[in-house]
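Summary of structural features
Listed below, chain by chain, are the residues.
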Amino acid sequence: MNVYDSEQIAARLIALGYQQTGTLETADLVIVNTCTIRAKAEQKAFSFLGRLARLKSRKPGLIIGVGGCVAQQEGAEIFRRIPQVDLVFGTQAIDRLGLLIPKIEDKRCRIVDVTMTDKPDPPDVVPNHRFDHSASAFVTIMRGCDNFCTYCVVPHVRGREASRHPDRIMKEIRDLVQSGVREVTLLGQNVNSYGKKENLWSFPELLYHVNSIEGLLRIRFTTSHPKDFGSDMINAFKINEKVCDHIHLPVQSGSDRILKRMNRKYTRELYLDKISKLRDNCSGIAITSDIIVGFPGETEADFNETLDLIKMIQFDGIFAFVYSDRPNAPAVRFKNKISEDEKRKRLQTLLDLQEDVTRMKNQTLVGSVQPILVEGTSKKQSSGSLERPRSTVQWMGRTTTNKIVNFCYKDSPQRRTDLFPGKIVYARIEKAYAHSLWGEPVGVNTTTGGLKGEESYAA
Ligand code: 5AD
Ligand code: SF4
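The notes below deal with the structure included here. Quick caveat: nothing in here was measured; it's all calculated off a predicted structure.

As a structural note, the neighbourhood of ligand 1 is formed by I37, R38, Y151, Q252, D290, I292, F321, V322, Y323, S324 and R326. Y151 places a polar main-chain atom, nitrogen or oxygen, 3.0 Å from a nitrogen atom of ligand 1. Separating an oxygen atom of ligand 1 from a side-chain N or O atom of D290 is a distance of 2.7 Å. Summarising the interface, the protein chains cover 88% of the accessible area of ligand 1, which totals 400 Å² for the free molecule. Listed by contribution, the elements that provide at least two residues to the shell around ligand 1 are β11 (286-293) and β12 (317-322).

If you want it as structure tokens, here you go:
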């Protein structure tokens, strides 16, 4: 979501005549778009601001802006902590940047704008300015959250849930496809409740329409809340060939007692039931999840229930976090906080268990041929082994199940031109690692049709 917001911020700066610089030191203005979902994210933001403050002592004309969730949460307090900051703007102030920045340029004043409203439709986005020209783009379909999980700061810093009008979403995606995008990830804190409040299309309806956009190859979305995930979504996976075979469905804990204290509004049994229905209907779908360890009052027995759930479900991957207190989140006041040591220990146990599962899941793909949407060349290039000779370029892309596949492609003049981000390459999976796969290309797709199946590849 912050990547998307940063693009929106950049577009407004460009409209004011700014250009992107190659290095921080040459910038006249720096905007820090912050996250406060966990304590560590907030610490990172402040340590980067400290670096900028030192830069400003050498370059007094530098304008420093702080946006995003830390800005929303802390407001003018940021000036006290980092006096070198000129602008603090909240999560709903991005569309006012065009007015705020010229004021600071003119008057060299300090401004705080953290106003929030309950508008049914958030301000429209400006034409998307994308720096990376990648084949994949994020599209925010809704903002805010009404769920109030007790550990979570999001409803307090992003406001109430509000869905964007489908016409605007459709136009934005069509424009992105025109500019070369082949995959979109639809973003919302709880995409399953898209449009409900405003009586717009439902999320499955939105998927159906996005699926019809010509030239688009893949659709992903995040995040789904298990309480709102039902048979209509299972059907959406079945009928829309561009919707990828992957769902991220955060479970957070395997203990009913903890789920209740988290205010998640589902039980372990209900979650398991949804997973089994999903797998019965969509074989081969990859399922990933988020888990919090060390929530206040989490006993050894509660934690064991989470481990047990992980063993039962066999997720394709998980994101695991140690609980941290967040301002205004009710769990701050919950008793029986777990020590940092114990939280780290639990995290390691969980990650060790999941790593074996992930590796094993990846292993089952060895020998199969997978359509890979090419994202670009790998950061790591070949050092000249037998498997990866120097004469090849190492590329990376993803399977529809969202697994990273690295592969080599001959760097000969006639072949170089037929591979670029956004192409579908069919690769035979040769090796499975904990976090990626290694493939051998067997064909490149020359059409731009829907590509969920594997039957149609040309070797
Ligand atoms: N502490 C730890 N993890 C958290 N998350 C959200 N709030 C907290 C917190 N206070 C995790 C949840 C969520 C993911 C985005 O971040 O697992 O799904
Ligand atoms: Fe936070 Fe819960 Fe909303 Fe997700 S659903 S953003 S965890 S309050």
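A few words on the nonpolar core. I173, L186, F203 and F221 are the most contacted members of the largest nonpolar core, which has 52 residues in total. Discounting residues that sit within four places of it in the chain, L186 has contacts with V139, I141, I173, V191, F203, L206, L207, I219, R220, F221 and T222. Within the second largest apolar cluster, 19 residues are counted, among which are V30, L52, A53 and V66.

We now examine the environment of Y271. Mapped onto the fold, Y271 is located in helix α11 (residues 268-281). Judged by relative accessible area, which is 1%, Y271 ranks as buried. Counting along the chain gives 44 residues from Y271 to K227, while the straight-line C-alpha distance between them is 8.1 Å. Not counting residues within four places of it along the chain, the set of residues in contact with Y271 comprises P226, L249, P250, V251, Y266, S289, I313 and F315.

A barrel is described by the order of its strands in space; here five strands give the closed sequence β13-β14-β15-β17-β16, paired in mixed fashion. Between one strand and the next, the sheet's axes are offset by a mean angle of 50°, whatever the strand orientation. Two strands pair when backbone bridges link them, and strand β13 (residues 369-377) and strand β16 (residues 424-432) are joined in this way by five bridges, in the antiparallel orientation. Looking at β16, one finds that I372 is bridged to V425.

The next subject is the packing of helix α8 (residues 203-211) against helix α9 (residues 231-239). Relative to each other, α8 and α9 sit at 10°, their axes nearing to 9 Å. Considering the angle they form, α8 stands roughly parallel to α9. Of α9, the residues touching α8 (which contributes F203, P204, L207 and Y208) are D232, M233, A236 and I239. Its residues placed into classes, the contact of α8 with α9 shows seven nonpolar, no polar and one charged.

Calculation notes
- Residues numbered from 1 in each chain as written.
- Chains lettered and ligands numbered in written order.
- Predicted model: local features only at pLDDT ≥ 70, side-chain atom pairs only at ≥ 80, totals over all residues.
- Heavy atoms only, no water.
- Near = heavy atom within 4 Å.
- Polar contact = N/O pair within 3.5 Å; in protein donor to acceptor, adjacent residues only side chain to side chain.
- Areas by Shrake-Rupley, 256 points an atom, 1.4 Å probe, with all protein chains shown as cover.
- Helix = DSSP H or I, 4+ residues; strand = E, 2+ residues; numbered from the N terminus.
- Core = buried A, V, L, I, M, F, W, Y, C linked by side-chain atoms within 4.5 Å.
- Buried < 20%, exposed > 50% of the residue type's maximum accessible area, 1.4 Å probe, protein only.
- Contact = heavy atoms within 4.5 Å.
- Pairing = 2+ DSSP bridges.
- Axes fitted to C-alpha atoms, helices over the stretch in contact; angles between N-to-C directions.
- Parallel < 35°, antiparallel > 145°, perpendicular 65-115°, else oblique.
- Nonpolar A, V, L, I, M, F, W, Y, C, P; charged D, E, K, R; others polar.

Read these as layout, nothing more, since geometry by itself doesn't imply function.
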